[in-house]
Amino acid sequence: AATAILNARKVWVIGFRASQPFASYLQWQLTQVIENITAIPGSGQTLGEHLVSLAPQDVVIVFGLRRRVARMELILDQIQRSKAKLLYVTDEGVPFVTSAAWHFQCHTLAPGPLFNHVSVMALCHLLTTRCIEIAGVAGRTRLRGIEGLNDSLEEL
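Counting starts from 1 at the beginning of each chain's written sequence and moves along it residue by residue. Side-chain atom pairs in this predicted model are given and counted only at pLDDT of 80 or more, local residue features only at pLDDT of at least 70, and totals for whole chains, interfaces and linings cover all residues. For side-chain calculations, the full set of non-hydrogen atoms in the structure is used, while hydrogens and water are omitted.

(A) The overall build of the protein, seen in detail. Think of it this way: any DSSP run of H or I at least four residues long counts as a helix, any run of E at least two long counts as a strand, and we number them from the N terminus. Within the protein one finds 5 helices and 5 strands. Reading the helices (α) and strands (β) of the protein from amino to carboxyl end gives α-β-α-β-α-β-α-β-β-α. Whereas a compact globule of 156 residues would reach a radius of gyration of roughly 15 Å, the protein reaches 16 Å, a difference of no more than 12%. Dimensions of the protein along its principal axes, counting C-alpha atoms only, are 45 × 40 × 30 Å. Going through the 156 residues of the protein one by one, you find that 41% of them count as buried. Throughout, a contact is declared for two residues whenever any of their heavy atoms are within 4.5 Å. Taking all contacts inside the protein whose residues are at least 6 apart in sequence as the whole, residues at least 24 apart take part in 66%. With C-alpha atoms as the basis for the radius of gyration, the globule rule is written as 2.2 Å multiplied by the number of residues raised to the power 0.38. Categorising residues by exposure relies on relative accessible area from a 1.4 Å probe, with only protein chains included: less than 20% of the type maximum marks a residue as buried, more than 50% marks it as exposed, and the intermediate range marks it as partly exposed.

So this is what it looks like as structure tokens:
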């Protein structure tokens, strides 16, 4: 999955409700080594404004943790029609999606009233770390450029 993410024309990350913070986090982390990545939809945007641009060379990462939005099946169908590669991250209650290139089912059940998202964060960390490793010299060059600009702009 990490190799496909690095080689994609564009990486799209989608999440709603409890999944949205994970989508934003993963996009933020992968920006370290991937230039053309976006979390969608943004504030005030519709999915149609983005999904129209999906191409077979793209990777779409969808976080579909409980409680998924009602339109999730429509979104997955559109991704499949675009022929983009789907990386689907769900909880253990979602049946395996055979149309996905990768379907990671994360254990989220917990004894209390809240779901446990530790495995989701671990997966985000693993994907990001693996992408940074595989990116090699190009990834390190981008990271150095980001750090240099942060220093020169006195942002950190």
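(B) Main features of helix H4 (residues 72-82). Every buried residue belonging to H4 is among Met 72, Ile 75, Leu 76, Ile 79 and Ser 82, and all of these are buried. For H4, the buried positions fall inside an angular range of 120° around the axis, keeping them on one side. H4 presents Glu 73, Leu 74 and Arg 81 as exposed residues on the side facing more than 90 degrees away from its buried surface. Buried-residue contacts for H4 involve strand S1 (11-15), strand S3 (59-64) and strand S4 (85-91). Where H4 ends, the next residue or the one after it, Lys 83, has phi of about 70°, a positive value. Directions from the helix axis toward the C-beta atoms define the arc.

(C) A look at the environment of Pro 95. Assignment of secondary structure puts Pro 95 in the loop between S4 and strand S5 (102-106). Judged by relative accessible area, which is 62%, Pro 95 ranks as exposed. Sequence separation between Pro 95 and Gly 48 is 47 residues, and the spatial gap between their C-alpha atoms is 26 Å. Residues within four places of Pro 95 in sequence aside, it is in contact with His 103 and Gln 105.

Purely geometric numbers; function is a separate question.
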